[in-house]
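In case you want the letters, here they are:
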Amino acid sequence: MKKLELKEVKALLVMVTGFSILSVFFHSSVLLYIAIGIGVVSLLIPVAGYYIVWLWNKIGMVLGWVNSRIILSALFYLFLFPIALLSRLFNKDTLRLKRQSDSHKNASLYTIRDHQYTPKDLKDMW
């Protein structure tokens, strides 16, 4: 009979606790039965507990793939991309990357800032 390792026991404990808490929040007896079932089965049959943790980890990997590919792509194209386009349309050269005049085509984009630093500049910089 195979004994469960500590990380597998911790994962089972998290599952049982999570389903128990979810059953209280959603007032669902099904989630409570799932929590009790996972706990009892993993105590009586350690090999089944191992496979429950294995399945849980595979579900986590699938959710991670979905999150990183689909949800984040949708978030980018629905929110960030339109904001960037609107920013380009309405803000004029906020990073000052364009040259100020055409007469200095080989001139540097470096901006000379003639500023006298005081102790106030070094306090609360952020």
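Residues numbered from 1 in each chain as written. Predicted model: local features only at pLDDT ≥ 70, side-chain atom pairs only at ≥ 80, totals over all residues. Heavy atoms only, no water.

Enquirer: I would appreciate a short explanation of the overall build of the chain in the present structure.
Expert: The number of helices and strands found in the chain is four helices and zero strands. Secondary structure elements of the chain, listed N to C terminal, follow the sequence α-α-α-α. For the chain, whose C-alpha radius of gyration is 29 Å, the value lies well above the compact-globule estimate of 14 Å for 126 residues. C-alpha atoms of the chain, sized along the principal axes, occupy 85 × 40 × 35 Å. (Helix = DSSP H or I, 4+ residues; strand = E, 2+ residues; numbered from the N terminus. Rg over C-alpha atoms; globule rule 2.2 N^0.38 Å.)

Enquirer: What exactly am I supposed to notice about the nonpolar core here?
Expert: Buried together is how nonpolar side chains tend to be arranged in soluble globular proteins. In terms of nonpolar packing, the biggest core is built from nine residues, these being Leu-4, Ala-11, Leu-12, Met-15, Phe-19, Leu-31, Ala-35, Ile-38 and Val-53. With four residues, the single largest contributor to this core is helix H1 (residues 6-26). Setting aside residues up to four positions removed in sequence, Val-53 forms contacts with Glu-8, Ala-11, Leu-12 and Met-15. (Core = buried A, V, L, I, M, F, W, Y, C linked by side-chain atoms within 4.5 Å. Buried < 20%, exposed > 50% of the residue type's maximum accessible area, 1.4 Å probe, protein only. Contact = heavy atoms within 4.5 Å.)

Enquirer: Would you take a moment to explain the packing of aromatic side chains for this structure?
Expert: Aromatic ring pairs are described here by two measures, namely the spacing of the ring centres and the angle between the planes. Tallying each qualifying case throughout the model produces five aromatic pairs. Aromatic pair Phe-76 and Tyr-77: ring centres 4.9 Å apart, planes at 85°, arrangement edge-to-face. Among the residues examined, Tyr-77 registers a relative accessible area of 54% and is labelled exposed. Ring geometry for Phe-76 versus Phe-81: centroids 6.5 Å apart, planes at 40°, classification tilted. Take Phe-76: its relative accessible area is 36%, and that puts it in the partly exposed class. Residue class for Phe-81 comes out partly exposed when judged on its relative accessible area of 39%. (Phe/Tyr/Trp six-rings, centres within 6.5 Å; stacked < 30°, edge-to-face > 60°.)

Enquirer: What's the story with the packing of helix H2 (residues 29-44) against helix H3 (residues 46-90) in this structure? I'm lost.
Expert: Between two packed helices, the angle of one axis relative to the other and the distance separating the axes together describe the packing. Between H2 and H3, the shortest axis-to-axis distance is 5 Å and the interhelical angle comes to 130°. Judged on the interaxial angle alone, H3 and H2 are oblique. Contact with H2, carried on its side by Ile-38, Val-41, Ser-42, Leu-43 and Leu-44, involves Pro-46, Ala-48, Gly-49 and Ile-52 of H3 and no other residues of that element. Residue composition of the contact of H2 with H3, grouped by class: seven nonpolar, two polar and no charged. (Axes fitted to C-alpha atoms, helices over the stretch in contact; angles between N-to-C directions. Parallel < 35°, antiparallel > 145°, perpendicular 65-115°, else oblique. Nonpolar A, V, L, I, M, F, W, Y, C, P; charged D, E, K, R; others polar.)

Enquirer: Can you walk me through the packing of H1 against H3 in this structure?
Expert: Remark: H1 packs on H3, axes separated minimally by 10 Å, with the N-to-C direction vectors making an angle of 70°. In terms of orientation, H1 and H3 fall into the roughly perpendicular class. Residues Glu-8, Ala-11, Leu-12, Met-15 and Phe-19 of H1 pack against Gly-49, Tyr-50, Ile-52, Val-53 and Trp-56 of H3. Across the contact of H1 with H3, the residue classes break down as eight nonpolar, one polar and one charged.

Fair warning: the whole summary comes from geometry, so function is off the table for now.
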